[in-house]
Amino acid sequence: MMEKEMRLEQLEAQGIIGSDEVGKIEPFKQIIVVAVYADPDVVRSAENGNELKTGDSKNNSGTKERAIQLGKMLTGFENFDEIEDKVYTNEKYGLMYYIKVIPNAVYNEWEAKNTNKRRYGNALLASAHNEAIYKVYEEVKAQGKKVANIVVDDFISTKTPHKEQFAEYTQWITPEAKSITELPQMEVIMECKAENTYRHTVGAASNIADYVDQLWHKKVIAAFKECDIVFMNNWF
């Protein structure tokens, strides 16, 4: 077994919370951040592990549909408005997950107050990742599950060490928030394309985010169609 694979097995056995996002600064879209915990006693079984495997859905169109299918399988949501502000549990796959949605209007309001768009965008993402991970962490600890690692799909591109920059960004947006980088006995890993390595956690978070993003698109399209119908009825 290769050293990297052995390291991954060790981390998964200790318990991992992973997070990923979709949306960012695109028009008419929301920022959707998802944090996922994988119970090492459940998710690494051969059946569950194989079902959850997928590639990088953001850059590989061949896996995008599969990722969305997995997102639906893991959540069971049928429409965007079902999503609540709580930590969800999928007992079959040993997952706990939290979905943080930043509406486009909120993003635009904050952005208008800041001239450094990149810094602001990264700070908002850091705050959202931090909140989602912290929610899942608290639920994991409340249920007495083991967790010793946090993996964030890295989006920071500064020369400052990324964990330090993550904490700084989080405090800038939400000064009262506790940073995940300060959690005791917890290793925080920030890694680009982490969904390709940590498939049970960051990968699952990516799949759920993609699916929620699709549900949001369906809601927007339905709203536009309804406006068209109202307009046509009023016009004629």
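A. Here's a closer look at the overall build of the protein chain. When you go through the protein chain residue by residue, the secondary structure sums to 8 helices and 6 strands. Of the regular secondary structure in the protein chain, the N- to C-terminal order runs α-β-β-α-α-α-β-β-α-α-β-α-β-α. The buried share among the 236 residues of the protein chain stands at 49%. In the protein chain, of all internal contacts separated by at least 6 residues, the share reaching a separation of at least 24 is 72%. Total accessible area on the protein chain is roughly 12,400 Å²; 52% of this is exposed by carbon and sulfur atoms.

B. Region of the structure containing the environment of threonine 197. Along the chain, threonine 197 turns up in the loop between β6 (187–191) and α8 (199–235). Spatially, the C-alpha atom of threonine 197 lies 9.2 Å from that of glutamate 5, the residues being 192 residues apart in sequence. Not counting residues within four places of it along the chain, the set of residues in contact with threonine 197 comprises Lys4, Leu8 and Glu191.

C. Geometry of unusual backbone geometry. Phi at glutamine 185 takes a positive value of approximately 50 degrees, unusual for a residue other than glycine. Tracing the sequence through the fold places glutamine 185 in the loop between α7 (162–173) and β6. For glutamine 185, a relative accessible area of 79% translates into the label exposed. Residues other than glycine seldom take positive phi values, yet lysine 193 does so here, at roughly 55 degrees. Within the element layout of this structure, lysine 193 appears in the loop between β6 and α8.

D. Geometry of the side chain of asparagine 122. You can see asparagine 122 is positioned in helix α6 (residues 117–142). When residues no more than four places from it in sequence are discounted, the contact partners of asparagine 122 are Phe155 and Tyr169.

E. Main features of the packing of aromatic side chains. According to the stated counting rule, one finds 4 aromatic pairs in the structure shown. Geometrically, the ring pair formed by phenylalanine 77 and tyrosine 88 is edge-to-face, given 5.3 Å between the ring centres and 80 degrees between the ring planes. Of this pair, phenylalanine 77 sits in the loop between α4 (61–75) and β3 (87–90) while tyrosine 88 sits in strand β3, and the two are 11 residues apart along the sequence. On the accessibility criterion, phenylalanine 77 (4% relative accessible area) is buried. Ring centres of tyrosine 88 and tyrosine 97 lie 5.4 Å apart, and the angle between their planes is 15 degrees; on these two criteria the pair is classed as stacked. With a relative accessible area of 12%, tyrosine 88 lands in the buried category. One aromatic cluster is present, formed by Phe77, Tyr88 and Tyr97 through successive ring pairs.

F. Spatial organisation of the pattern of salt bridges. Here the structure, examined in full by the defined rule, presents 5 salt bridges. As a salt-bridge pair, glutamate 78 and lysine 72 come within 4.0 Å of each other at their nearest N and O atoms. Assessed through its relative accessible area of 38%, lysine 72 is described here as partly exposed. The salt bridge partner of lysine 219 is aspartate 81, with a shortest N-O separation of 2.7 Å. Of this pair, lysine 219 sits in helix α8 while aspartate 81 sits in the loop between α4 and β3, placing them 138 residues apart in sequence. Since its relative accessible area comes to 56%, aspartate 81 is described here as exposed.

G. Layout of α7. Under the 1.5 Å per step criterion, the end-to-end length of α7 is 17 Å for 12 residues, consistent within 8% with the ideal 16 Å. All of the buried residues in α7 are Gln165, Phe166, Ala167, Tyr169, Thr170 and Ile173.

H. Expanded view of the nonpolar core. Ile17, Val136, Ile150 and Ile180 are the most contacted members of the largest nonpolar core, which has 34 residues in total. Those elements that place two or more of their residues in this core are β2 (31–38), β4 (95–102), α6, β5 (149–153), α7 and β6. Top element by residues in this core is α6. It accounts for 12 residues. Beyond its immediate stretch of four places on either side in the chain, isoleucine 150 contacts Ile17, Ile133, Ile180, Leu183, Met186, Glu187, Val188 and Ile189. Residues Ile32, Val34, Ile68 and Leu95 belong to the second largest nonpolar core, which totals 25 residues.

I. Structural detail: the confidence of the model for the protein chain. With 81% of its residues at a pLDDT of 70 or more, the protein chain has an overall mean of 83. Counting interchain partners and residues more than four positions distant, the pLDDT-below-50 stretch residues 230–236 has 0 contacts.

Cut-offs used in this document
- Residues numbered from 1 in each chain as written.
- Predicted model: local features only at pLDDT ≥ 70, side-chain atom pairs only at ≥ 80, totals over all residues.
- Heavy atoms only, no water.
- Helix = DSSP H or I, 4+ residues; strand = E, 2+ residues; numbered from the N terminus.
- Buried < 20%, exposed > 50% of the residue type's maximum accessible area, 1.4 Å probe, protein only.
- Contact = heavy atoms within 4.5 Å.
- Areas by Shrake-Rupley, 256 points an atom, 1.4 Å probe, with all protein chains shown as cover.
- Phe/Tyr/Trp six-rings, centres within 6.5 Å; stacked < 30°, edge-to-face > 60°.
- Salt bridge = Lys/Arg side-chain N within 4 Å of Asp/Glu carboxyl O.
- Expected span 1.5 Å × (residues − 1).
- Core = buried A, V, L, I, M, F, W, Y, C linked by side-chain atoms within 4.5 Å.
- pLDDT = per-residue confidence, 0-100.

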